[in-house]
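Tertiary structure, described
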Amino acid sequence: MSHVVRMENISKTFGEVTALRNVDFEVGTNEIVGLLGDNGAGKSTLVKILTGYHQPDPGGRIYWKGDKLEHLSVAKARDLGIEVVYQERALADLQSLWRNIFMGREIANRWGVLNLAEMRNETRRLMTTAMGFTSAAITPESVVGAFSGGERQGVAITRALHFQAELIILDEPTMGLSVTETKKCLEFVTGIKGAGKSAIFIDHNIFHVHPVADRIIVLDRGAVAAQFLKDQISLDGLIEMLSHVARTGGLDADNRTTT
Amino acid sequence: MNSVAEARPISSAAKRGGVARLARKYAMQIAIVIVLLLIWAFFFWRSPRTFGAYDIYNALMSTTPYYALMAIPLTLVIIAKEIDLSFTSIMAWGMAGYDVVFLLFRETNPSLGVWLGFVACLLAGLFAGLLNGLIVVRLGIPSLVATLGTQFFWRGVVLVVTNAQGLGMTPVKATLLYPALVGRLAGRIPMQFVWMIIFAIVTWFFLNRTKFGAHVYLSGDNTESAKLMGVNVGRTKILTFTIVGVAAAFAGFVVSEGVLFLWPTLGEGYLLNTLASVFLGGTSVFGGTGSIFGTFIAALIIAIINPGIVAAGWTAYWTQLIYGGIIVVSVSLQAVLRRRMA
């Protein structure tokens, strides 16, 4: 399987604290990777290295579609098509839907004058094709603050896909969502795969990760504790394994599954 | 034939929906106009002689721009979730620039001195606004504190530079700047009011039809998300402060020209009217929303209250009480309206 991104031997220390220890991590083309782990397991540090906010300690290597990246900055990560969708911070609540979709990438002429018609039409198109907004109550002019949590995730994910993101990182996208909203949100995650792109799905909740992920990686105290292809483990097996990791800090060598 | 007959009710229903939607979208703007009309109607009823004559409107059009010229661009700063308290001193600081340059040419070529002084005034304002932006954005000082500091600082600089001496502005009368800025359009409309309209249209255009304006809204609404999406929040905010700086210097020139004298205390007394115009106009102190149209109308409301009270036969002591009342009630209503719409 070809990889979108491959991280090798990634360590990260902040002063005395070791956040990540010799982590190998990869995301395949058109693969959805579930990243599980407790608070402090190193999930967000790993993501911040992948998005260029942090540099790994010397010795760590990052490959993008097979090419080694010498220095991954935030701007470089964006250019490559790595996009993070944060639940709370993704949208500007007081602005209209079209302004959110085109946030930071407004269509304008060289004088900076906006092309409103094109942005509105494109938003209208995305509403039906990608976001599944069919209610007449929602228009490109609707203010997103009134949208439900699931709809908001849909807007953020659609925006990422629309702007050709190759790898979408979802940071706890279902947190605080109701059952129906979670279902809607998970449909959007599945949509990422349908669009031929890849995703990293970070969550505490294995019940949300298991149905949509192709592969599940468990981080514990800065190291990869286990990883499975979804077919290799049932939901029950995953729960049992996670509690084992939580108790012992890792799996025995013969229990560890490799891919 | 049939299809036309079928289409008609649909299109009229759609039109009704469109009107309702427009009414909701512009609820704030409609509300502020209604407030203006109610206040005006009340004063007209109390004193038809004053409010039925042109004089009062001439006076309103002459003096409202003195602070509206700043309130309009200040709306951008507040939408970007910042505040500027220093523009009153920047008015005088700009004119200190005029003062210094004009004096160099007073004996040789006063007209040239006026023009170069005008340019110096605007450049001084630009510099002061830029400095505000840099202090707030690059040093991360909250704008409330930063611009409180620069307000004192520029006032101090003006007093030192001018030695607290005023300057006659009569040489301006000999240049085109006089009719262009404070003359009369068609012999009736004060030019400063025309500039107020020009400022409003240009600022509206930048706010609503350009990338810069879109970024002003986003910077105030959700700074972090705007940054993550590649909006240069810092540059956007610096630009809004800079625009206010230039506008304040311009307003300072217009005011001084209006009275044909430059006072070193120029600008004192404009702070509250200017800020009140922005907030009364529906711009949220929390950033992310606001309208130029609202600020424009609110500036007129603020302007009409004082002469209205006097014409209605009350003492001017009532002015501040009524200002306060109208502002608190309007802003509360806006908050309720906004919550309803969300």
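Residues numbered from 1 in each chain as written. Chains lettered and ligands numbered in written order. Predicted model: local features only at pLDDT ≥ 70, side-chain atom pairs only at ≥ 80, totals over all residues. Heavy atoms only, no water.

1. Focus: the pattern of salt bridges
Residue and element names in this part refer to chain A. Heads up, the rule is: Every case where a carboxyl oxygen of Asp or Glu lies within 4 Å of a side-chain nitrogen of Lys or Arg is listed as a salt bridge. A 1.4 Å probe rolled over the protein chains alone gives each residue an accessible area, and that area as a share of the maximum for its type sets the label: buried under 20%, exposed over 50%, partly exposed in between. A run of H or I in DSSP counts as a helix once it spans at least four residues, and a run of E counts as a strand once it spans at least two, with each numbered from the N terminus.
Tallied over the full model, the rule gives 18 salt bridges over all chains. Arg 6 serves as the salt-bridge partner of Glu 8, at 3.0 Å between the closest nitrogen and oxygen. By relative accessible area, Arg 6 is classed as partly exposed at 29%. Between Arg 105 and Glu 83 there is a salt bridge; the shortest N-O distance is 3.1 Å. Within this pair, whereas Arg 105 is found in the loop between helix H3 (97–101) and helix H4 (116–129), its partner Glu 83 is found in strand S6 (residues 82–86), the two being separated by 22 residues in sequence. For Glu 83, a relative accessible area of 8% puts it in the buried group.

2. Here we look at the confidence of the model for chain A
Our working rule: In predicted models, pLDDT denotes the confidence assigned by the predictor to each residue on a 0 to 100 scale. Here, two residues are considered to be in contact whenever any of their heavy atoms come within 4.5 Å of each other.
Counting all residues, the mean pLDDT for chain A is 86, and 95% of those residues have values of 70 or more. Across residues 253–259 of chain A the pLDDT falls below 50, and counting only partners more than four positions away or on other chains, this stretch makes eleven contacts in the model.

3. A few points about the nonpolar core
Note the cut-off: The definition of a nonpolar core used throughout is a set of buried Ala, Val, Leu, Ile, Met, Phe, Trp, Tyr and Cys residues joined through side-chain atoms within 4.5 Å.
Ranked by size, the top nonpolar core spans 92 residues in total, and within it Trp 93, Tyr 98, Met 196 and Phe 253 of chain B carry the most contacts. For this core, the element with the highest residue contribution is helix H4 (residues 54–79) of chain B, accounting for 15 residues. Apart from the residues within four sequence positions on either side, Trp 93 of chain B is in contact with Ala 124, Gly 125, Ala 128, Trp 154, Val 157 and Val 158 of chain B. Ile 101, Ala 156, Ala 165 and Phe 201 of chain A belong to the second largest nonpolar core, which has 46 residues in total.

4. Digging into the interface of chain B and chain A
Here is the rule: Two parts placed together each lose some accessible area; with a 1.4 Å probe, that loss summed over both constitutes the buried area. We define a polar contact as two N or O atoms separated by no more than 3.5 Å, with the added condition that, inside protein, one atom must be a possible hydrogen donor and the other a possible acceptor, whereas residues neighbouring each other in sequence contribute only through side-chain atom pairs. Each residue is assigned to one class: nonpolar for Ala, Val, Leu, Ile, Met, Phe, Trp, Tyr, Cys and Pro, charged for Asp, Glu, Lys and Arg, and polar for all the others, Gly among them.
Between chain B and chain A, the contact holds 24 residues from the first and 27 residues from the second. With both sides pooled, the region where chain B packs onto chain A buries about 2,100 Å², and carbon together with sulfur makes up 56% of that total. It is Lys 211, Leu 228 and Met 229 of chain B that lose the most area in chain B upon contact with chain A, and together they represent 31% of the buried surface on that side. Where chain B touches chain A, the interface holds eleven residue pairs in polar contact (both at pLDDT 80 or more). Every element with two or more residues in the side of chain B that touches chain A is listed here: helix H1 (2–25), helix H9 (191–209), helix H10 (211–221) and helix H11 (223–228) of chain B. Broken down by element, the residue count for the side of chain B that touches chain A peaks at six residues, all from H10 of chain B. Looking at the side of chain B that touches chain A residue by residue, the class counts come to nine nonpolar, nine polar and six charged.

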